[in-house]
Structure formats: C-alpha cells, structure tokens
Amino acid sequence: TKSLKETLQEVIPGKQAQLKKLKAEHAQTVVGDVKVENIIGGMRGIKAMLWEASVLDPNEGIRFHGLSIPDVQKVLPAAPGGKEIIAESMLWLLLTGQVPTEAQTRQLSRELAEKGDLPPFVEKLIDSFPATLHPMTQLGMGVAALNHDSLFQAAYEKGMKKTEYWTYMLDDCINLIARLPALAARIYRNVYNPGTPLPALNKDLDLVGNYSTLLGFGDNHSLTEYLRLYIALHGDHEGGNASAHTAHLVGSTLSDPYLAYSSALFALAGPLHGLANQEVLRWQLAMQAEIGSDVSHEQIKEYLWRTLKSGQVVPGYGHGVLRNPDPRFTALQEFCDARPELQESSIIQLVKKTYEVAPGVLKEHGKTKNPYPNVDATSGCVLYHYGLKEFKYYTVIFGVSRALGALTQLVWSRALGLPIERPKSLSMDALEKLIK
Ligand code: AMX
C-alpha cells in the first residue's frame, strides 16, 4: 500500500511541469479584467490565486479535483460500519487528486490516531482559559501554540532546500490535523463539562470517530456519522473564502502551518463566515420561541421580514460565489430525509419550512445576489437534535474540518514554489487618478 507521502511524491512532478508550462507559454495571457467595483467590493470575482484542491462553480457548487458532492459520496471510503465519507479519504483526495483505497484510508486513520496526543504544555494552556472565552478563540490560540513542534520551522532554521519545503510542510499538516480532535474536544470538555475525564485516543478509530468519542458522543452512531459527513463536506470550498485565503496569505510568508491555520481560524470566527452556523441556530431557536414550532409559512414569512427590517441578515442564506442552493446544504438535508427521527424533530422541520419561504422573501427584499440557503442553514440543527446543543461550539467543528483544504493548499503552495502574496492596493485618490 502506497503511503500518502509516496503518492504525493509521484503526483507533484506532473503539477510542477503544468505550472512551468503555464508560466512559459501564458504568463502574459489575459484571463479577466479588474473593475472599480471589484476593488471596492471585497475583490469579489477577481481571478487572483491558485488553489489546487477544489473549484467552486456559482451554479453547481463545489468540485473536489473535478468530483461533485454526489460523486465523492459515491467513491470515497467510509469508516468500518459507517456509510458517510470520512475525513481521511477526503484529505487524501484533496492532497493527491486520487481516490484512496480502503487500505490507504485505514493506514492514514492509524497514523493520525498515533500522532493525535497534545503536548502537555498545550493542555495546560487550554485548561488555563476561562470557560467564558469563546471556543473559537481557544482553538485558534491552541493551534498557534502547537507551532512549538513545527518541523517546517525547525528545518527552515537549519537551512533546508526549497525542494524539501513540501515534505516538512506535509509532516506538520498531518501532525496538526491529527491533534485537532484532542484540542477541540478538550475545549468542549472545559467549557461545557468541566471535570469530566477525556478518554485516550483509540488507535483503531478514524479521526472523526475519535473526535466524537472525545466529545462524549462515541455511542451515538448517527451523530458520529453526521460529523463525518459534515467534516468531509466542509473540508474545502476553493481558495478565496476568508479562512482559506487567510491561511494561503499567511502561509505565503513561509510561516508554518500552525500559524497560518490559526490565522485562518480567526477569519472563520466572523459571523459572516463560519460563525454563521452558530447564528443560524440562535436565530431559528429565537423564531421557535417567538412563534412556536407548528407554524404556517405565512408566520415564518413575517418573522423573516422582521429580521430584515431590523437591519440584520438572514443567517444561512446568501453566498459570495454561489448562486443556487448549496449542494452541501442539499447533502445534509438528504441525511435528514433518510432518518425518521430527524424528520420528526421540530427544529429540523422549522429549518425546512424556513427554506420553503426564505428564498421568496429574500428575492422580494431584492438585495442579496443569492437568495438560497448555504450549508450553514441546516448544519447546526442536526447537531442540536442529536444532543450537541452548545451552538457557540459549532464553528469549532467547522474549524476542525476546514483544516483539510487549507492545509492541503499549503503543501501544494510549497511544492509549487508559489511566492509571497502581495496584491496592489490603491487609495481613492490614486484610483481616481487611474480612472482619468
Ligand atoms: N440576508 C439579508 N441580506 C443579505 C443576505 C442575507 N442572507 N445576504 C446578502 N445580503 C445583502 C448584503 O448584506 C448586501 O447588502 P448591502 O448592499 O446593504 O451591503 C447585499 O445583500 C449584497 O450582498 P451579496 O453580494 O449578495 O453577498 P456578499 O457576497 O456581499 O456576502 C454573505 C455573502 C454570505 C456574507 C452574505 O450573503 C451574508 O451575510 N449571509 C448571511 C450570513 C451567512 O449565512 N454566512 C455564511 C456564508 C457561508 C460560510 O462562509 N459559512
């Protein structure tokens, strides 16, 4: 069985040749133009960075190395006794562009479990935080502190060749992903169940199986399977979103993956980005408290208008790139549709009913370019139903997941020798001069 590193070693020369050819033949080819609206509009729409693992189409959604969500649900290996994609198989696909075998997936699971323990000083650091410190802040600080053990940084200090960058980067990325369950679960334990013992990592379990066990949900097969699907599907969403782009930017300075990914986590912690899944649930529960569970479409419509008229966004709707319902939302909805207990859940029913009404209201409101649900519209309510009710924690799960894609690109950026990122900025005066 070929290991992940051996597989990457085989794939990298082809990609390097592809980049060399692009540079040699097309360095001056124009592929788009920049309008003033792009400069003042958050760079929306500018094609400005390389990102290997996935590309987001505005209409059909994300593709991982060309594979759609239904495709990956068909071909990527699941956990023993499970049906949903596991993080290891998604990571393998993102990194190599290849579908791993069962044996390769299991080998990677074992490697991650073996490398998953936290250094004692990081445990102490996390334990010293007040329970009132937001779990995302704790996660970002914990990930940054793990850079104590960065192999990339150590090798850089000693003086390594540029061609060796990616191998140390890969080692760091694997070590970081391996440690995320113990780190994220420790934060959960400290904040919500202080004093409860944390079990040791089970070397025979997959990454998310271990994560679920450490969170205290190991016996809940449905929740564990949901977490597997959730974490695989949130793994990557091309490069321009705020968290992925942050990791890319910080990593481009040759900062190690721990520092790059902790920065990304702080971008993910914003309510317009990853924090939206916490916000969705808060908003849906407030709706339930105000108008009840057994409500009409008309009542939901009125509630939506109240949210909009108070100047707030409807969380879980809209997207920077997507212009259709998010296929990740659809995949999570299908998970619900296949389980009677979820179909009966009042909060899941309310989310579904909201989806039936919200696009129409948002169209009438006329502001958002995409009136459809994004993945966050539904992701939290399943966690809630299965007993993971602390919604301030939900973005941490997103943060465990997004490491797969953001760290993959760091490996590729170093393998391809991509330079430090440095776009040009302009003042309004300078922009006006340019226009004249
Ligand atoms: N409710 C109300 N208004 C919305 C809206 C929503 N869900 N989505 C967008 N709008 C408004 C914007 O605030 C903006 O208003 P403005 O002109 O007064 O500033 C206008 O519509 C145009 O915005 P846009 O071009 O359609 O969206 P964007 O690319 O600027 O922003 C996003 C995208 C996701 C931040 C935005 O749709 C939003 O705030 N959604 C709600 C929060 C959310 O669900 N975020 C999660 C996104 C997915 C993720 O990262 N996890």
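Residues numbered from 1 in each chain as written. Predicted model: local features only at pLDDT ≥ 70, side-chain atom pairs only at ≥ 80, totals over all residues.

## Observations regarding the overall build of the chain
1) Next: Secondary structure assignment for the chain yields 21 helices and 2 strands.
2) Next: Against the globule reference of 22 Å for 436 residues, the chain gives a C-alpha radius of gyration of 22 Å, in line with a compact fold.
3) Next: For the C-alpha atoms alone, the extent of the chain along its principal axes is close to 65 × 65 × 45 Å.
4) Next: Within the chain, buried positions represent 46% of all 436 residues.
5) Next: At a minimum sequence separation of 6, the contacts of the chain that also span at least 24 residues come to 75%. (Helix = DSSP H or I, 4+ residues; strand = E, 2+ residues; numbered from the N terminus. Rg over C-alpha atoms; globule rule 2.2 N^0.38 Å. Buried ≥ 20, exposed ≤ 12 C-beta atoms within 10 Å, placed from the backbone. Contact = placed C-beta atoms within 7 Å.)

## A closer look at the environment of Val 313
1) Next: Examined against the element boundaries, Val 313 turns out to sit in the loop between helix H15 (297-309) and helix H16 (327-337).
2) Next: Judged by C-beta crowding, with 17 C-beta atoms within 10 Å, Val 313 ranks as partly exposed.
3) Next: Sequence-wise, Val 313 and Pro 194 are 119 residues apart; in three dimensions their C-alpha atoms are separated by 35 Å.

## Examining the site of the ligand
1) Next: Every one of the 19 residues lining the ligand counts as a neighbour, but Ala 276, Val 313, Gly 318, Lys 367 and Thr 368 are closest to it.
2) Next: Residues belonging to the shell around the ligand are distributed by class as follows: 7 nonpolar, 9 polar and 3 charged.
3) Next: Split by domain, the residues of the shell around the ligand number at least three in each of domain 1 (1-24 + 52-281 + 393-422) and domain 2 (282-385). (Near = placed C-beta within 6 Å. Nonpolar A, V, L, I, M, F, W, Y, C, P; charged D, E, K, R; others polar. Domains from an automatic or database assignment.)

## Points about the packing of helix H14 (residues 276-291) against helix H18 (residues 346-365)
1) Next: The geometry of H14 relative to H18 is characterised by a closest axis approach of 10 Å and an angle of 100 degrees between their N-to-C directions. Relative to H18, the element H14 lies roughly perpendicular. Across from Gln 284, Met 287 and Gln 288 in H14, the residues of H18 making contact are Ile 347, Leu 350, Val 351 and Thr 354.
2) Next: Partitioning the contact of H14 with H18 into residue classes produces 4 nonpolar, 3 polar and no charged. (Axes fitted to C-alpha atoms, helices over the stretch in contact; angles between N-to-C directions. Parallel < 35°, antiparallel > 145°, perpendicular 65-115°, else oblique.)

## What about the nonpolar core?
1) Next: Counting residues in hydrophobic clusters, the biggest one holds 117 residues, and the most contacted among them are Leu 176, Ile 177, Ala 184, Tyr 261, Leu 407 and Val 411.
2) Next: A per-element tally of this core places helix H9 (residues 165-192) first, with 18 residues.
3) Next: Structurally, this core is a two-domain feature, drawing no fewer than three residues from each of domain 1 (1-24 + 52-281 + 393-422) and domain 2 (282-385).
4) Next: Contact partners of Ile 177, with chain neighbours within four places excluded, come to Leu 91, Leu 112, Ala 403, Leu 404 and Leu 407. (Core = buried A, V, L, I, M, F, W, Y, C linked by C-beta atoms within 7 Å.)

## Brief notes about the pairing of strand E2 (residues 61-64)
Successive residues of a regular strand alternate their side chains across the two faces of the sheet.
1) Next: With 4 bridges joining them, strand E1 (residues 54-57) and E2 adopt antiparallel strand pairing. What sits directly across from Leu 56, in E2, is Ile 62.
2) Next: The antiparallel pairing of E1 with E2 creates a hairpin that spans 3 residues between the two strands. (Pairing = 2+ DSSP bridges.)

## Describing the UniProt feature "active site" (unreviewed entry) in the chain
1) Next: The UniProt record annotates "active site" (unreviewed entry) at His 273, His 319 and Asp 376. In three dimensions, the annotated residues from a span of 104 residues occupy one location, with a maximal C-alpha spread of 10.6 Å.
2) Next: Within the fold, His 319 resides in the loop between H15 and H16.
3) Next: Overall, His 319 belongs to the buried group, with 22 C-beta atoms counted inside 10 Å. (UniProt positions renumbered as here; feature names shortened; annotations may be inferred.)

## Concerning the environment of Ala 289
1) Next: Within the fold, Ala 289 resides in helix H14.
2) Next: Distance in space between the C-alpha atoms of Ala 289 and His 148 is 46 Å, their sequence separation being 141 residues.

## Points about helix H19 (residues 376-385)
1) Next: By the criterion of burial, H19 is predominantly enclosed, with 9 of the 10 residues buried.
2) Next: Considering only its buried residues, H19 is in contact with helix H11 (221-233), H14, H16, helix H17 (340-343), H18 and helix H20 (394-415).
3) Next: Once H19 finishes, Gly 387 follows within two positions and takes phi at roughly 105 degrees, a positive value.

## Section: the domain arrangement of the chain
1) Next: As assigned here, the chain comprises domain 1 (1-24 + 52-281 + 393-422) and domain 2 (282-385).
2) Next: Relative placement of domain 1 and domain 2: their C-alpha centres are 28 Å apart.
3) Next: Tallying the contact residues gives 22 residues for domain 1 and 26 residues for domain 2.
4) Next: The set of elements that each furnish at least two residues to the side of domain 1 that touches domain 2 consists of E2, helix H3 (69-75), H11 and H14.
5) Next: Across the side of domain 1 that touches domain 2, the residue classes break down as 12 nonpolar, 9 polar and 1 charged.

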